[in-house]
Amino acid sequence: MVDAAVIQQCADPKLKPAIVEKFIEQVGTPDPLAVTVRAGNRIILVPKPSSPEEALELIRQHVGRHVVRVGVTQLPAGFGVQDAVELKADLVDACANIRMGSALFGKVYDIVTRWYGRDAEEAFGDAILAWRTGYFEGTFVFQRSDAEPGASMPSVPAKTVAAEPDGKSGTSGNPNNADIRVDLSGIRVKPPADPR
């Protein structure tokens, strides 16, 4: 998938290269220009970018409205930025993406291994699941601050989605204001039984 020498050179030094290699094998892609866009459980088909500029434009179109994953590590785009114009081309640079993705995965892996109390194979599987969903044991792992070992995890995400001043939510281009849409049209409610 990704050359071990590239992983050795680019990965966050806090993680063992073998863990980074396994992480990329589980969640990554060999294409540094890969952009995955999701709306809930649905994947939105987007054109395959042929250049870093096209990839960045595609990311900017969708970040803040959908979940956008980018590059070799499928890094969550828009994490830590206030406006889509702040997104940089290093998201689609293979080495920079591996460095940022492995550092963020290191935080997720740390959260999960602390919960397990040891470095277990089961912890790695749960860390991969937390990377894909953004949550572990009800905690939004991507916005958790770096805490000392043994620190408790917050029980709610650090930021919540709020309506914009004009009454619309999640349409300003701010990647932290993505809407949550739930289709309730399929729910059928039975009228209460007559108590007589």
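These numbers come from a predicted model, not from an experiment. (Residues numbered from 1 in each chain as written. Predicted model: local features only at pLDDT ≥ 70, side-chain atom pairs only at ≥ 80, totals over all residues. Heavy atoms only, no water.)

Colleague: In this structure, what is going on with the overall build of the chain? I would like to understand it.
Modeller: Helix and strand counts for the chain come out as 5 helices and 6 strands. Ordering the α and β elements of the chain from the N terminus gives α-α-β-β-α-β-β-α-α-β-β. Out of the 196 residues in the chain, the part that is buried amounts to 40%. Sequence-distant contacts in the chain: of pairs separated by 6 or more residues, those separated by 24 or more amount to 58%. (Helix = DSSP H or I, 4+ residues; strand = E, 2+ residues; numbered from the N terminus. Buried < 20%, exposed > 50% of the residue type's maximum accessible area, 1.4 Å probe, protein only. Contact = heavy atoms within 4.5 Å.)

Colleague: Would you explain the nonpolar core in this entry?
Modeller: Across soluble globular proteins, you tend to see nonpolar side chains buried next to one another. In terms of nonpolar packing, the biggest core is built from 45 residues, with Phe 23, Ile 24, Ile 59, Val 68, Leu 87, Phe 105 and Trp 131 touching the most fellow members. Secondary-structure elements contributing two or more residues to this core are helix H1 (4-10), helix H2 (17-27), strand S1 (35-39), helix H3 (52-62), strand S3 (67-70), helix H4 (94-116) and helix H5 (121-133). The biggest single contributor to this core is H4, with 8 residues. (Core = buried A, V, L, I, M, F, W, Y, C linked by side-chain atoms within 4.5 Å.)

Colleague: Is there a simple way to explain the pattern of salt bridges in this structure?
Modeller: Two side chains that carry opposite charge are able to pair once their charged atoms sit near each other. For the structure on display, the rule yields 2 salt bridges. Across the salt bridge formed by Lys 48 and Asp 31, the nearest N and O atoms sit 2.7 Å from each other. Pair noted here: Lys 48 is in the loop between strand S2 (42-44) and H3 and Asp 31 is in the loop between H2 and S1, with a separation of 17 residues, a long-range link. Of the residues examined, Asp 31 reaches a relative accessible area of 21% and is grouped as partly exposed. Of the charged contacts, one joins Asp 110 and Arg 114 as a salt bridge, the two residues approaching to 2.4 Å between their closest N and O atoms. Highlighted residues: Asp 110 and Arg 114, both in helix H4, separated by 4 residues, approximately one helical turn. (Salt bridge = Lys/Arg side-chain N within 4 Å of Asp/Glu carboxyl O.)

Colleague: Quick question: what am I supposed to make of the state of the cysteines here?
Modeller: Cysteine pairs can be covalently joined through their sulfur atoms, and such a bond is termed a disulfide. Applying the stated rule across the entire model yields 1 disulfide. Paired through a disulfide, Cys 10 and Cys 95 show a sulfur-sulfur distance of 1.9 Å. Between Cys 10 and Cys 95, the S-S torsion sits near -110 degrees, and that sign places the bridge as left-handed. Remark: Cys 95 occurs in helix H4 and Cys 10 occurs in helix H1; sequence separation between them is 85 residues. Residue Cys 95 is classed as partly exposed on the basis of its relative accessible area, which comes to 22%. (Disulfide = S-S within 2.5 Å.)

Colleague: Just to check I follow, could you spell out the packing of aromatic side chains for this structure?
Modeller: Note on aromatic pairs: each is described by the distance of the centres and the angle between the planes. The final tally for this structure, using the stated rule, is 11 aromatic pairs. Centroid distance Trp 115 to Tyr 116: 5.1 Å. Interplanar angle 85 degrees. Geometry classified as edge-to-face. Taking relative accessible area as the criterion, Tyr 116 reaches 15% and is therefore assigned buried. Plain terms: the ring middles of Trp 115 and Phe 136 are 5.5 Å apart, the flat faces sit at 90 degrees to each other, and that makes the pair edge-to-face. Taken as a pair, Trp 115 in helix H4 and Phe 136 in strand S5 (residues 135-136) lie far apart in primary sequence, 21 residues in all. Exposure remark for Trp 115: the relative accessible area of 46% places this residue in the partly exposed category. Ring-pair connections join several aromatic residues into one group, and the members of that group are Phe 23, Phe 105, Tyr 109, Phe 124, Trp 131, Tyr 135, Phe 140 and Phe 142. Here the basic side chain of Lys 22 rests over the ring of Phe 124, its NZ or CZ set 4.7 Å away from the ring centre. (Phe/Tyr/Trp six-rings, centres within 6.5 Å; stacked < 30°, edge-to-face > 60°. Lys NZ or Arg CZ within 6 Å of the ring centre and 35° of its normal.)

Colleague: Looking at this structure, how should I read the sheet that holds S2?
Modeller: Reading across the sheet, the 4 strands line up as S2-S1-S3-S4 and stay open at both edges, with antiparallel pairing between neighbours. The open sheet has two edge strands with one neighbour each: S2 and strand S4 (75-76). Two elements, S1 and S3, share 4 bridges in a ladder whose sense is antiparallel. Looking at S3, one finds that Val 35 is bridged to Val 70. Taken strand by strand, H3 contacts S1 and S3, and its axis lies near 10 degrees from that of S1. (Pairing = 2+ DSSP bridges. Axes fitted to C-alpha atoms, helices over the stretch in contact; angles between N-to-C directions.)

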